[in-house]
Amino acid sequence: MGIPGLYKAFFRGVEGLKEVSAAVFKKYKERDNPLYIEGGWRDWPKGAKERRVLKWFNKLIILFLDFIKEYGFVLKAQ
């Protein structure tokens, strides 16, 4: 995302996050109707207004959490 220190500040204590996030990204990039293609995310809100982006991101989070459950990944905070 280009925000220095973001991962370290918020996510370094989540065990297994890198592995799970790589698996999720791969799954949704390689499907028939990918959520991510070179150049950006599908359905990214025009104008990137905060409310629209948060609504869009919430939908992605739900998909990601469903995938994590389906494949038995467990994330643990240290």
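Residues numbered from 1 in each chain as written. Predicted model: local features only at pLDDT ≥ 70, side-chain atom pairs only at ≥ 80, totals over all residues. Heavy atoms only, no water.

### Focus on a nonpolar patch on the surface
Stage number 1. A surface patch of nonpolar side chains, about 320 Å² in accessible area, is lined by Y7, F10 and F11.
Stage number 2. Counting through the fold element by element, Y7 comes out in helix α1 (residues 6-10). (Patch = residues over 30% accessible without salt bridge, like charges linked within 9 Å, V, L, I, M, F, W, Y side chains within 5 Å. Areas by Shrake-Rupley, 256 points an atom, 1.4 Å probe, with all protein chains shown as cover. Salt bridge = Lys/Arg side-chain N within 4 Å of Asp/Glu carboxyl O. Helix = DSSP H or I, 4+ residues; strand = E, 2+ residues; numbered from the N terminus.)

### Examining the confidence of the model for the protein
Stage number 1. Summary statistics for the protein give a mean pLDDT of 82 and a share of 92% for residues scoring 70 or more.
Stage number 2. When the elements of the protein are averaged for pLDDT, strand β4 (residues 76-77) gives the smallest value, 60, and helix α3 (residues 50-70) the largest, 88. (pLDDT = per-residue confidence, 0-100.)

### A word on the packing of helix α2 (residues 17-30) against α3
Stage number 1. Two elements in contact, α2 and α3, have axes whose closest approach is 10 Å; the angle formed by their N-to-C orientations is 110°. Judged by the inter-axis angle, α2 sits roughly perpendicular to α3. You can see that α2 and α3 cross each other, and the crossing is right-handed. In this structure, α2 contributes V20, A23, V24, K27 and Y28 to the contact, and α3 contributes L63, F64, F67 and I68. (Axes fitted to C-alpha atoms, helices over the stretch in contact; angles between N-to-C directions. Parallel < 35°, antiparallel > 145°, perpendicular 65-115°, else oblique. Left-handed = near helix turned anticlockwise from the far one by under 90°. Contact = heavy atoms within 4.5 Å.)

### Topic: the pattern of salt bridges
Stage number 1. Overall, the coordinates contain two salt bridges when judged by the stated rule.
Stage number 2. For the salt bridge of K29 with E38, the shortest nitrogen-to-oxygen distance reads 3.1 Å.
Stage number 3. Across the pair R42 and D43 runs a salt bridge whose closest N-O atoms are separated by 3.3 Å.
Stage number 4. Judged by its relative accessible area of 25%, R42 falls in the partly exposed class. (Buried < 20%, exposed > 50% of the residue type's maximum accessible area, 1.4 Å probe, protein only.)

### A word on the nonpolar core
The tendency in soluble globular proteins is for nonpolar side chains to be buried as a group.
Stage number 1. With nine residues, the main nonpolar core is built from V20, V24, Y28, L35, W56, L60, F64, F67 and I68.
Stage number 2. Secondary-structure elements contributing two or more residues to this core are α2 and α3.
Stage number 3. A per-element tally of this core places α3 first, with five residues.
Stage number 4. Non-local contacts of Y28, meaning those with residues more than four positions away in its chain, are made with P34, L35, Y36, L63, F64 and F67. (Core = buried A, V, L, I, M, F, W, Y, C linked by side-chain atoms within 4.5 Å.)

### Looking at α2
Stage number 1. Its 14 residues place the ends of α2 20 Å apart at the C-alpha level, agreeing with the 20 Å of an ideal helix rising 1.5 Å per residue.
Stage number 2. Of the positions making up α2, those classed as buried are L17, V20, V24 and Y28. Down the axis of α2, the sector holding all buried residues measures 70°, keeping them to one side. In α2, the exposed positions angled more than 90 degrees off the buried face are occupied by K18, E19, K26 and E30.
Stage number 3. At its buried positions, α2 is contacted by α1, β1 (14-15), β2 (36-37) and α3. (Expected span 1.5 Å × (residues − 1). Arc of directions from axis to C-beta.)

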